[in-house]
Structure formats: structure tokens, C-alpha cells
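Here's the letter readout for the chains.
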Amino acid sequence: MAEKEVVDGVTMKRALTRITYEIIEQNKGLADLVLIGIKTRGIYLAQRIADRMKQLEGMDVPVGVLDITLYRDDLHKAGTDEPTVNGSQIPVSIEGKHVILVDDVLFTGRTTRAALDALMTIGRPKKISLAVLVDRGHRELPIRADFVGKNIPTSIHEQIKVSVDEVDHRDGIAIEKLN
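So, here's what we can say about the structure. This is a predicted model, so every value here is computed, not measured.

### Some points on the overall build of the protein
Within the protein, the regular secondary structure consists of 5 helices and 8 strands. Each helix and strand of the protein, placed in order from N terminus to C terminus, yields the pattern β-α-β-α-β-α-β-α-β-β-β-α-β. Overall, the C-alpha framework of the protein stretches about 45 × 40 × 30 Å when taken along its three principal axes. Put simply, the protein has 179 residues, and 43% of those count as buried. If you take every contact in the protein between residues at least 6 apart in sequence, the share linking residues at least 24 apart comes to 70%. Of the roughly 9,600 Å² of accessible surface on the protein, 48% is carried by carbon and sulfur atoms. Positive and negative charge centroids in the protein, built from 25 and 27 side chains respectively, lie 4 Å apart.

Structure, rendered in C-alpha cells:
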């Protein structure tokens, strides 16, 4: 598979900063805000957004982790083994809060749908928004992101690969051609 970097670490940081400013502006501050990262890379992106909010506004925004494994509609394709569930960790009640789901890539919308299902079993937020680093198109469900770092149009025969320093020891976004 051929891989081509389309966004470097500096540009990725700028995209996350832009998302942060947009969230602050649209929310008119940080009151009642909770960031929840969708495993795996969404967790680290949510934490980075929260860190930037602390720098800009001087407030800590709670960050949670959402494991959507049991809510995915493609489990039957993954094989016959039981899925590994690592659990969700939400540090505060989401009742009446504005929850922003954070993910690395928005593609078909199925991950977001699973995340919404998982979130609703935890509590009932006042509002749910979606922030993604990359929107690559090809939606199969009527889902759109409220906050987008980069729109990267792709072929259905390509894959977006987001690298984060915490997992991959570097930041960047690449496009991979699938065979």
C-alpha cells in the first residue's frame, strides 16, 4: 500500500486549534461542556483540544473516553472472536451538558452512530456535537460534523490514516491506496 502524507504535524496542530476556537465561540465559553473522545485516536485529540481550551480560557474541561465496540453494526465482519471491550470512562455526569464527541476521521457515519448509541446508554445530554480532525466524505448515514479540522476528499479505494504522537510517535495525516 502506497502512503502519501497530506498533513504534517504543524498543520494538524493548527487544525485542532481552529476546532478549539470554533467550539469556544459557538458555545459562548466553556460552561457545561464535556469532551468525549472516541477510542482510540479521538481520545488524544479530545485531550489536546481540552489542553488548548485551558491555555486560552483558563478553565478545565472534562474529557471522557467512549468505547463503541459493542455498538458497532459491523462486528459480524470482524471475525468470530468476541470483541475486546475496554470500557468507557466519563469523569462527570453528562446529564444536561453539551457533549462534544471527538473522532479522528468521519467517513460513512457508522462510528458516529455507534457513539451516539453508546452515549445515550450513559446519560441524556442537553446537546451533542461532533468534532472531527478529518472529514473524508462517502457518508452512508445522514450525519455531519459540527467542527471539522480538514476536509480531505478521497476515493472509496483510499484510506485516511491519522497518526498521533501518543500512539504512533509522530503527528500527521496520510492517504493510503487500498489494493
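### Remarks on the pattern of salt bridges
A complete count under the given rule lists 13 salt bridges for this structure. Here E3 and K161 are joined by a salt bridge, their closest N and O atoms 3.5 Å apart. Placement of the pair is E3 in strand β1 (residues 3-8) and K161 in strand β7 (residues 158-163), with a sequence separation of 158 residues. Accessibility expressed as a relative area gives 33% for K161, which makes it partly exposed. The shortest N-O distance in the salt bridge between D32 and K97 comes to 3.8 Å. Highlighted residues: D32 in the loop between α1 (9-27) and β2 (33-38) and K97 in the loop between α3 (75-78) and β4 (98-106), separated in sequence by 65 residues. The class of K97 is partly exposed, set by a relative accessible area of 24%. Connected via shared salt-bridge partners are E3, E5, K161 and R170.

### Some thoughts on the side chain of T108
Checked against the element boundaries, T108 lands in the loop between β4 and α4 (110-122). Classification of T108 by relative accessible area gives buried; the value is 13%. At a separation of 3.3 Å, a polar atom in the side chain of T108 contacts the main-chain amide nitrogen of R110.

### With respect to the packing of aromatic side chains
Taken as a whole, this structure holds 0 aromatic pairs when the rule is applied. Looking at R136, its charged tip hangs above the ring of F107, at a distance of 3.8 Å from the centre.

### A look at the packing of α1 against helix α2 (residues 41-57)
Packing of α1 against α2 leaves a shortest axis separation of 9 Å and a crossing angle of 65 degrees. The crossing of α1 and α2 is right-handed. Across the interface between the two elements, M12, L16, T17, I19, T20, Y21, I23 and I24 from α1 touch L45, R48, I49, R52, M53, L56 and E57 from α2.

### Section: the sheet that holds β1
The strands making up a sheet are joined through hydrogen bonds of the backbone, oriented either antiparallel or parallel. Across the sheet, which stays open at both edges, the 3 strands sit in the order β1-β8-β7 with antiparallel pairing between neighbours. Only two strands of the sheet have a single neighbouring strand rather than two, namely β1 and β7. When strand polarity is set aside, the average angle formed by the axes of neighbouring strands in this sheet is 25 degrees. Where β7 lies against strand β8 (residues 172-177), 6 bridges are found, and the strand directions are antiparallel. Each residue of the ladder has a partner; that of V162, found in β8, is I173.

### Focus on the environment of V105
Along the chain, V105 turns up in strand β4. A sequence separation of 32 residues divides V105 from G137, and the C-alpha atoms of the two residues are 9.6 Å apart. Sequence-distant contacts of V105, that is, excluding residues within four places in its chain, are made with V134, R136, I160 and V162.

Calculation criteria
- Residues numbered from 1 in each chain as written.
- Predicted model: local features only at pLDDT ≥ 70, side-chain atom pairs only at ≥ 80, totals over all residues.
- Heavy atoms only, no water.
- Helix = DSSP H or I, 4+ residues; strand = E, 2+ residues; numbered from the N terminus.
- Buried < 20%, exposed > 50% of the residue type's maximum accessible area, 1.4 Å probe, protein only.
- Contact = heavy atoms within 4.5 Å.
- Areas by Shrake-Rupley, 256 points an atom, 1.4 Å probe, with all protein chains shown as cover.
- Lys, Arg positive; Asp, Glu negative; His and termini not counted.
- Charge placed at Lys NZ, Arg CZ, Asp CG, Glu CD.
- Salt bridge = Lys/Arg side-chain N within 4 Å of Asp/Glu carboxyl O.
- Polar contact = N/O pair within 3.5 Å; in protein donor to acceptor, adjacent residues only side chain to side chain.
- Phe/Tyr/Trp six-rings, centres within 6.5 Å; stacked < 30°, edge-to-face > 60°.
- Lys NZ or Arg CZ within 6 Å of the ring centre and 35° of its normal.
- Axes fitted to C-alpha atoms, helices over the stretch in contact; angles between N-to-C directions.
- Left-handed = near helix turned anticlockwise from the far one by under 90°.
- Pairing = 2+ DSSP bridges.

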